[in-house]
Amino acid sequence: MAEGAAEAPAESGGGGASGAGAPERGVAPIKPQYLTTKEQFHEFLEAKGQEKPSQEIEAGDRSGNDLAEPEAKRIRLEDGQPGEAAEPGEWPQVQKRARGQNKGRPHMKPTHYDKNRLCPSLVQESAAKCFFGDRCRFLHDVGLYLETKPSDLGPRCVLFETFGRCPYGVTCRFAGAHLGPEGQNLVQEERVQAPLVRNGLDKALQQQLRKRKVRFERAEQALRQLSKGHVPGPSPEAAVPEVSGAKGAPLQDSGDAQQALPEPGAGALASSSVRTCGPLTDEDVVRLRPCEKRRVCGRGFLLRALVCGNLPFRRICKRFGADVTCGEMAVCTNLLQGQTSEWALLRRHPCEDVFGVQLEGAFPDTMTKCAELLNRTIEVDFVDINVGCPIDLVYKKGGGCALMNRAAKFQQIVRGMNQVLDVPLTVKIRTGVQERVNLAHRLLPELRDWGAALVTLHGRSREQRYTKLADWEYIAQCVTAASPMPLFGNGDILSYEDANRAMQTGVAGVMVARGALLKPWLFTEIKEQRHWDISSSERLAILQDFTHYGLEHWGSDTQGVEKTRRFLLEWLSFLCRYVPVGLLERLPQRINERPPYYVGRDYLETLMASQRAADWIRISEMLLGPVPPDFVFLPKHKANAYK
């Protein structure tokens, strides 16, 4: 396997630094005895990792660049882009380093998972035969499958030890822990329990969504009022939706009729011919006022932002003291189409006592209908509208930050969703779209009047991204504009000192984003008001727990293991920027300070500081076993490609 490409370039002036002289701007101040050069850093890792020092540094690579280039960068050089030889009489072109988002990485599902795949009817040990019969494209010979199956990655299966039964059977990469002498899947009856994760997508409901046979009565009523210029409100003529049959089943009177969303607590009806409307309630006649809806949280709560906010990572944050968690951003149109991958973003673990989902959309009809759908089908404590997403794919379609400049549509979305939801509606915004044109202070009073229960303000504009620090002085001004509506602040929180300064601005709480990715134990530091000099073994134990949670969430077969590995590698690309407390000359580390090359207090601490994808692969192999021979890791940053 070829080793990874050059390290990720420091966005704020980082790089190799020596111990002499004043500390370089944008570089973390590390004690001189730990500082080293790039060549010595990688030689140390190679000597300790392979038990023989790497003495070879070719003459053409004295600058310290890695020998292997990312594939996208090699293709760019071969095509004659910057880096090729200059023509006679022309100035030589300076070779550009690969930086920025790796937009050229493939976004399709790998196809090698479907090769020699065992039929699900055999994996689940179903008594019925395969529905497709001879037309099934999967294997039905367990012996042939075992001949081509890779060897187990370890002697213990997390799913078997946790739930008493592994649903992946012989396809599990840890199958030796729960396969009997004749290849049967063993079960520990005393440990068997129902799945803990909630908010799954019902198959019947998914079928109705795909066929567009679900009625959205509340949403349509609110949209009609909005189209006439009226503020949505309760109507005495509002009809109680009729639900016949089990939850998600089609109506009995017509196969083509649309199905109304079930009311809360509406279950399967008795096997009688009498049609009923379910329990008698007045919630369609007397709607809850915003002040009557339960609050999201009290003052001082910590809300974790949505960067790599998958369920296993949220469990890590909850363990260290995060008060409120929120799912990853889900696109409302994909949810309305019943896409399984999008509904997976809404799953909730029992440890998440205060949990919300975040929606993205550009139009009032889809957002209002999606809000009604989620209000009736999943368990959440609040619904958040993402008006802070800066990426072009969302912005150019009118969603995300673009809604800040579309006040009419923004108002209809907030009013419509607030009308159909029984839980609080929150909004996440930025200071504005353009760097020097702030919009938040004008939008906050309007959001309060439209019915938003809480707003989170990221102290940067869309154009600014992460080029400058968050503007907490402007956030303090917005607190007054938003009052009495609670306002959460977000931006550059990496220590309890940063959180204390943020709370002094008058915000009701702080949202932690990149800081949680760099050090998820930040929540413990904030609550205990101390710096935690966490050891490398403790950090490895956190990664081990993440892999266990990932196997529970994504599965223990080959596809689930590799998905867990890829999320782990993406997280390691952030964790390498953390500098241990005992190595710093000045506390605390600031979020815009990149670490120079340093040697830690032990080999593992040094390995975790590496910015090469090849070293992240080595850490993942400690936790999940060796990578496949054809493994390719193409992260979000171009300079970290590994193949």
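Being a predicted model, the structure only gives us computed values, none of them experimental. Chains are numbered independently. Their residues run from 1 in the order of the written sequence. A pLDDT threshold of at least 70 governs which residues receive local features in this predicted model, and a stricter bar of 80 or more applies before side-chain atom pairs are shown or counted, although totals over entire chains, interfaces and linings include all residues. Side-chain figures throughout are based on the complete set of non-hydrogen atoms in the structure, without hydrogens or water.

Another point: a nonpolar patch on the surface. To count toward a patch, a residue needs a relative accessible area over 30% and no salt bridge; like charges are then connected within 9 Å, while nonpolar side chains (Val, Leu, Ile, Met, Phe, Trp, Tyr) are connected within 5 Å. Surface accessibility in these figures is a Shrake-Rupley result with a 1.4 Å probe; residues are shielded only by whichever protein chains are displayed. Within this document, salt bridges are pairs made up of a side-chain nitrogen of Lys or Arg and a carboxyl oxygen of Asp or Glu, the two lying within 4 Å of each other. A surface patch of nonpolar side chains, about 210 Å² in accessible area, is lined by Leu122, Val142 and Leu146. In DSSP terms, a helix is any run of H or I states spanning at least four residues, a strand is any run of E spanning at least two, and both are numbered starting from the N terminus. In this fold, Leu146 is placed in helix α4 (residues 142–148).

With that out of the way, let us pick up the UniProt feature "zinc finger region: C3H1-type" (unreviewed entry) in the protein chain. Following the UniProt record, the feature "zinc finger region: C3H1-type" (unreviewed entry) maps to residues 113–143 and 151–181 here. Each end of residues 151–181 is marked by a C-alpha atom, and these two atoms are 17 Å apart; helix forms 19% of the span and strand 0%. UniProt positions are given in the numbering used here, feature names are shortened, and annotations may be inferred rather than shown by experiment.

Relative to the helices and strands, Phe382 is located in strand β6 (residues 382–387). Distance in space between the C-alpha atoms of Phe382 and Gly356 is 4.7 Å, their sequence separation being 26 residues.

Turning next to the pairing of strand β7 (residues 425–430). Three labels apply to residues, based on accessible area from a 1.4 Å probe with only protein chains included: buried if under 20% of the type maximum, exposed if over 50%, partly exposed otherwise in between. Within β7, 6 of the 6 residues are buried, leaving the element largely enclosed by the surrounding structure. In β7, alternate side chains face the same way, and those of Leu425, Val427 and Ile429 on one face and Thr426, Lys428 and Arg430 on the other are all buried. Pairs of strands are assigned from DSSP output, requiring at least two bridges between the strands. Pairing of β6 with β7, which is carried by 5 bridges, proceeds in the parallel orientation. Looking at the pairing, Asn386 lines up with Lys428 of β7. Bridging between β7 and strand β8 (residues 454–458) involves 5 bridges; their strand directions are parallel. When the sheet's bridge partners are listed, Arg430 is paired in β8 with His458.

Let us look at the packing of helix α20 (residues 558–575) against helix α22 (residues 613–624). The axes are straight lines fitted to the C-alpha atoms, using for helices just the contacting stretch, and the angles between their N-to-C directions are given from 0 to 180°. Viewed as axis vectors pointing N to C, α20 and α22 meet at an angle of 135 degrees, and their least axial separation amounts to 10 Å. With respect to α22, the element α20 is oriented oblique. Along this stretch, α20 crosses α22, giving a crossing that reads as right-handed. Every residue of α22 that contacts α20 at Val561, Thr564, Arg565, Leu568, Leu569, Leu572 and Ser573 is listed here: Trp616, Ile617, Ile619, Ser620, Glu621, Leu623 and Leu624. Here the angle decides the label: under 35 degrees means roughly parallel, over 145 means roughly antiparallel, 65 to 115 means roughly perpendicular, and every other value means oblique. Less than a right angle of anticlockwise turn of the near helix away from the far helix marks a crossing as left-handed, whereas a clockwise turn marks it as right-handed. Throughout, a contact is declared for two residues whenever any of their heavy atoms are within 4.5 Å.

This part covers the packing of helix α7 (residues 217–227) against helix α11 (residues 364–377). Between α7 and α11, whose axes approach to 8 Å, the crossing angle comes to 150 degrees. Once α7 is placed against α11, the crossing between them reads as right-handed. Side by side, α7 and α11 meet where Glu217, Arg218, Ala219 and Leu223 of the first sit next to Pro364, Asp365, Thr368, Lys369, Glu372, Asn375 and Arg376 of the second. For this classification, the nonpolar set comprises Ala, Val, Leu, Ile, Met, Phe, Trp, Tyr, Cys and Pro, the charged set comprises Asp, Glu, Lys and Arg, and every other residue, Gly included, is treated as polar. Class assignment for the residues of the contact of α7 with α11 results in 3 nonpolar, 2 polar and 6 charged.

Tallying each qualifying case throughout the model produces 29 salt bridges. Residue Glu379 is joined to Arg198 by a salt bridge in which the shortest nitrogen-to-oxygen separation is 2.9 Å. Linking Glu379 in the loop between α11 and β6 with Arg198 in the loop between α5 (158–163) and α6 (203–210), this pair joins segments that are 181 residues apart in sequence. A relative accessible area of 43% places Glu379 in the partly exposed class.

This part is about the pairing of β8. In terms of burial, β8 is a largely internal element, 5 of the 5 residues being buried. Neither face of β8 is open: one carries Leu454, Thr456 and His458, the other Val455 and Leu457, and all of them are buried. Regarding topology, helix α14 (residues 440–450) serves as the crossover connection from β7 to the parallel β8, and that connection is right-handed. If the strands point away from the viewer and the path from the first strand over the helix to the second runs clockwise, then the crossover is right-handed.

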